[in-house]
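Survey of secondary and tertiary structure
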Amino acid sequence: MKSWPYLLVATLILAGIVHVGAILSWPTFVMSRLVGGLESQVGFSTALHAPRADASSRTVVRPSPDLIYTVCAFDVSERPLKISSPVPADTYFSLSMFGDNTDNFFVVNDSQLEKDSVSVVLMRPGSEVSELGGAPVVIAPSVRGVILFRTLIASEDRFEELDAIRKEATCEVM
Amino acid sequence: MIVKFLLKLGGVLLVALVLGLGSAWWLINAGLGGALQNGAWVTDPNIGSEQAGPYSRAAVARAGLLALNKSETIYFTAFVDDAGQPLSTACTYKLVGQPLATRWWSITVYGADHYLIPNSANQFSQAMNTVTRDDQNGFTIFVSPDGSQENGIPTGFSGSSSDTHQGAAFSLTLRLYNPEEATYSNLGGIALPTLTLEGCQ
């Protein structure tokens, strides 16, 4: 009996399983590498104020040279996190959060905020915290992920001012 | 008999690994977009969204990590010009755009590795707040080896021995921050910048 038809079918089935596994695991692999890199640089729940993107920037693909970024890696498996930042005037600013599968599960920008600062609490489902301080709560779909603050460099002569403001952003364990 | 069986099993596993990983990597590298085309530009409306499928998430992880969802930002990418020819760092391209219904926009040049291309001017983009506009509020941007034209963005190609003779592949990303609903609800129909080849070195 010829065995090659069975071998061909087995090969294609296995190839399909490998293909699906690779596609499903790639996003979490890349995010875990990013989170791990941030953890080794500054640890969890600590803001890293990235320098303005240029040709030497190699941490995240396709960075925008027109924005300045501050980033925190989060791990809310044990304690919630309080995330705060002043909001600069007359330019685009946003606070966004990304789960371990790359999903952007939360974003708020300056035009949606009534005050000149933003403060939110990030926690996992079922987490209990006694003091929220009136801050809105965001439920993280994964215990680990990334928080990103974006500030548009509205003009070159405002760079110093905007750079100083974005460096006041904090991610603190509650 | 056992040796023959093990050889066949090893062959099956090897070919399956190559096929499975190769096809996955090829699709991941097919890049952001493909789901929706507008002229030379492609986008995937599900970028960053919780409704994103596994292929969208994989493409984001490869070429658009930490991308925002479409109500906050739309990302269009161009790998080819309006004639469908791959973009080359050895060539000059003219982008002509009309006012875009969005709070802020930018156009950025990226190398084939998805990072900013080194150039002596440290100029990587043009944006709504940097570009010179015409009487109708439209704009013309040139992407060229030295980026010396008005509203220019250099691709860094010098024709030296370190450059390939034909130039290298590159791509453009058009970011639309806080797009109006008319924009993000009609991604295939809005007027985006045209992208035409002017010539090559």
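Above: the structure in question.
Rules used throughout
Residues numbered from 1 in each chain as written. Chains lettered and ligands numbered in written order. Predicted model: local features only at pLDDT ≥ 70, side-chain atom pairs only at ≥ 80, totals over all residues. Heavy atoms only, no water. Pairing = 2+ DSSP bridges. Helix = DSSP H or I, 4+ residues; strand = E, 2+ residues; numbered from the N terminus. Axes fitted to C-alpha atoms, helices over the stretch in contact; angles between N-to-C directions. Core = buried A, V, L, I, M, F, W, Y, C linked by side-chain atoms within 4.5 Å. Buried < 20%, exposed > 50% of the residue type's maximum accessible area, 1.4 Å probe, protein only. Contact = heavy atoms within 4.5 Å. Polar contact = N/O pair within 3.5 Å; in protein donor to acceptor, adjacent residues only side chain to side chain.

**Digging into the sheet that holds strand β4 (residues 91–97) of chain B**
Residues and elements named next belong to chain B.
- Taking strand neighbours across the sheet as the criterion, the four strands line up as β8-β7-β4-β10 in an open arrangement whose pairing is mixed. Each end of this open sheet is capped by a strand with a single partner; those strands are β8 (152–154) and β10 (194–200). Each neighbouring strand pair of the sheet contributes to a mean axis angle of 20°, computed without reference to strand direction.
- Pairing analysis gives six bridges linking β4 to β10, with the strands arranged antiparallel. Residue pairing in the sheet places Cys91 in a bridge with Cys200 of β10.

**Brief notes about the nonpolar core**
- Residues A:Met31, A:Leu34, A:Val146, B:Leu65, B:Leu66, B:Leu68 and B:Tyr177 are the most contacted members of the largest nonpolar core, which totals 35 residues.
- Broken down by secondary-structure element, the contributors of at least two residues to this core are α1 (4–41), β2 (67–75) and β8 (144–152) of chain A together with α1 (2–29) and α2 (54–63) of chain B.
- Ranked by residues supplied to this core, first place goes to α1(A) with eight residues.
- Setting aside residues up to four positions removed in sequence, B:Leu68 forms contacts with A:Tyr92, A:Ser96, A:Phe98, A:Asn104, A:Val107, A:Arg150, B:Ile47, B:Gly48, B:Thr73, B:Tyr75 and B:Tyr177.
- One finds B:Ala40, B:Leu87, B:Tyr93 and B:Leu176 within the second-largest nonpolar core, a separate group that totals 27 residues.

**Some details on the environment of B:Tyr177**
- On the secondary structure map, B:Tyr177 appears in strand β9 (residues 170–179).
- For B:Tyr177, a relative accessible area of 1% puts it in the buried group.
- Measuring from C-alpha to C-alpha, the distance between B:Tyr177 and B:Arg103 comes to 5.9 Å, with 74 residues separating the pair along the chain.
- Only 3.4 Å separates the side chain of B:Tyr177 from the side chain of A:Arg150, close enough to count as a polar contact.

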